[in-house]
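# Observations on chain architecture
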Amino acid sequence: MQKNWKKQIIVIIMILLLQCSFIIYWGIKKEGLGCDELYSYELANDASGTPFLYERSDYLNTWHDAAYFKENITVQPGNRFSFYHVIDNQVQDVHPPLYYLLLNSVCSFFPNSYSKWLGLGINLILLMISQWVLYRVATMLMPDDKCMQVILLAFYGFSFGVVNLVMYIRMYMLVSVWVLVLYYFILKIIKTASEVGQEGRKIERIAWYHIGVFVTITCGMLTHYYFVIAAFFLSGFYVLYLIYMKKWKLVGTYVVSAFGAMLNSVAIFPEMLMHIFGGYRGTENIDNFKNANLLQNVKVFLKILNEQLFGKLLIPLLVVIVVCLIYIHVNRPDLQESNKTSFPRVGLGLGLLSVVCYFVLVSKIAIMPQWRFFSPIYPILMIALVCGGRYLFGKVLSEKKTCIIMAVLGGCILGVGWYGNVAEGLWEGSAHAEEVIKSHSEAKTLYISKNDFKVVDWDNLLAQMNAVYITDTDDIAYNAQIISEYGQEDAMFVLVEYEYDDKEIIQSLLDNTEYDKAQMVYKRYATLYLLER
């Protein structure tokens, strides 16, 4: 037994090392950051009191050096671990502060430095923490099946959706950890409560697990407000189970822990109430709850989840599950579970019901069709798939055959999911733009902006430019005068946001200045051109 356990640990360590290498590979391929990712650095690190550049009084119709933009996304030497500014920035934003405090803490060790690896490193560590908690959950739900425990870890860490989650430098990896940890503590309470009387100190352990629930819910609510939805369903179905089992003391203890955590979260960051019920994101969610077409949204988000987690094989998987259930019910009634309140069945059912309800509600309220809003339930979905598959196949097949089938099935899902795909959020072309900017280090930049959030999309590139003049007018005479007056080098950059007709503006500038050549360098929310003469 001890020998088998050591072999399993060696295999798990090898899998985790491969997964780290896989993440680092895609991290190297990641050339730039998206707008929301740059918001992470901006809101974590800016200490000016006005983190959104476009809201500053000195933003428009003046020149800015590279430091103006760099200081917006980096911790400055005099402001390391300046948590007050982080929280103040989040008061002005629409998210709670915990993730930004974490990112600020890491960036504070590297003042005045910007790197994608600071954010990616946090996510990679969070993935390893997720894997550890997943393993602990697997040993509870599948205590004697070491093969399936390993398959779960391999399947989760290599899946297309989870790699995309790690590559996305936002709070969603962290909130998925909190949801998984809450599920873990609930399972531990259920399991330990069923063993009270078999050995000593079980009641003391249950008390510690409720403290864990308190801390987890507090941290989850301070990370992302969608955590509240996941926690509500996990807690709600757990309390219903306790009521069914007439475990009134546990009902009371859990309710006190959960509501105490909610009150604690609000006490720490009271602005969350305004964010949820009065902020523009909260208002959008409420409006969607009232008006969105649920069936249409469910179809859209099922397609997204199918691509992210199930290798576009969700329908075949559902067919196999239904066939197995019918076979067991009709032909093998002797294999049906006689104990409807057995721990694995209760634990798996609790998780599955919670993620289904989360999926339906978030499909209704989500502000845009993106996978990130469902990432909090990724770990429990994986647990449900692997444990559910093991339960179904294990009813009619030997343990060895079940392990082989699940390994093959997992390999097919991973293979199909990755076939022809690359990790999302690589922002290819950003490295080329950086090279062009560095090769024209003396060139100035004219930035024609609508004076809104899109400047953040270019923050890291603007921080590498010599000097940037920002204007919100596309008046040709005005912009041509700026270029003629300040564009004294052989080259000059022009950045035009998408609301403007960039081709018309560039042609007009060529007709009205000494520059006679234009090359498009990079395009995102705005298009960067290099003018030369």
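Note that this is a predicted model, so its numbers are computed, not measured.

## Regarding the state of the cysteines
Per the stated rule, a full pass over the model turns up one disulfide. The disulfide partner of Cys147 is Cys403, and the S-S distance across this bridge is 1.4 Å. Pair noted here: Cys147 is in helix α7 (residues 146-158) and Cys403 is in helix α19 (residues 399-418), with a separation of 256 residues, a long-range link. Of the residues examined, Cys147 reaches a relative accessible area of 29% and is grouped as partly exposed. As a non-bridged cysteine, Cys412 has Cys403 as the owner of its nearest cysteine sulfur, 15 Å distant. For Cys412, a relative accessible area of 38% puts it in the partly exposed group.

## Some points on unusual backbone geometry
Unusually for a residue other than glycine, Phe81 sits at a positive phi of about 55 degrees. With respect to the secondary-structure elements, Phe81 resides in the loop between α3 (66-73) and α4 (83-92). Despite not being glycine, Lys312 shows a phi value in the positive range, around 60 degrees. Relative to the helices and strands, Lys312 resides in the loop between α15 (294-309) and α16 (314-331).

## Focus: α3
When α3 is considered as a whole, its buried residues turn out to be Tyr68, Phe69, Asn72 and Ile73. Along α3, the residues classed as buried sweep out an arc of 120 degrees about the axis, all on the same side.

## Regarding the pairing of strand β4 (residues 491-497)
In terms of residue burial, β4 counts as a mostly covered element, since seven of its seven residues are buried. Relative to β4, strand β2 (residues 445-448) runs parallel, the two sharing four bridges. Looking at β4, one finds that Thr445 is bridged to Phe493. The pairing of β4 with strand β6 (residues 526-532) spans seven bridges and is antiparallel. Along β6, the bridge assignment pairs Phe493 with Leu530.

## Some thoughts on the packing of helix α6 (residues 116-141) against α7
With their axes 9 Å apart at the nearest point, α6 and α7 run at an angle of 150 degrees to one another. Classified by the angle their axes make, α6 and α7 are roughly antiparallel. Helix-helix and strand crossings are classified by hand; for α6 and α7 the assignment is right-handed. Two secondary-structure elements touch here, α6 through Leu127, Ser130, Gln131, Leu134, Tyr135, Ala138 and Thr139 and α7 through Gln149, Leu152, Leu153, Tyr156 and Gly157.

How each quantity is defined
- Residues numbered from 1 in each chain as written.
- Predicted model: local features only at pLDDT ≥ 70, side-chain atom pairs only at ≥ 80, totals over all residues.
- Heavy atoms only, no water.
- Disulfide = S-S within 2.5 Å.
- Helix = DSSP H or I, 4+ residues; strand = E, 2+ residues; numbered from the N terminus.
- Buried < 20%, exposed > 50% of the residue type's maximum accessible area, 1.4 Å probe, protein only.
- Arc of directions from axis to C-beta.
- Pairing = 2+ DSSP bridges.
- Axes fitted to C-alpha atoms, helices over the stretch in contact; angles between N-to-C directions.
- Parallel < 35°, antiparallel > 145°, perpendicular 65-115°, else oblique.
- Left-handed = near helix turned anticlockwise from the far one by under 90°.
- Contact = heavy atoms within 4.5 Å.

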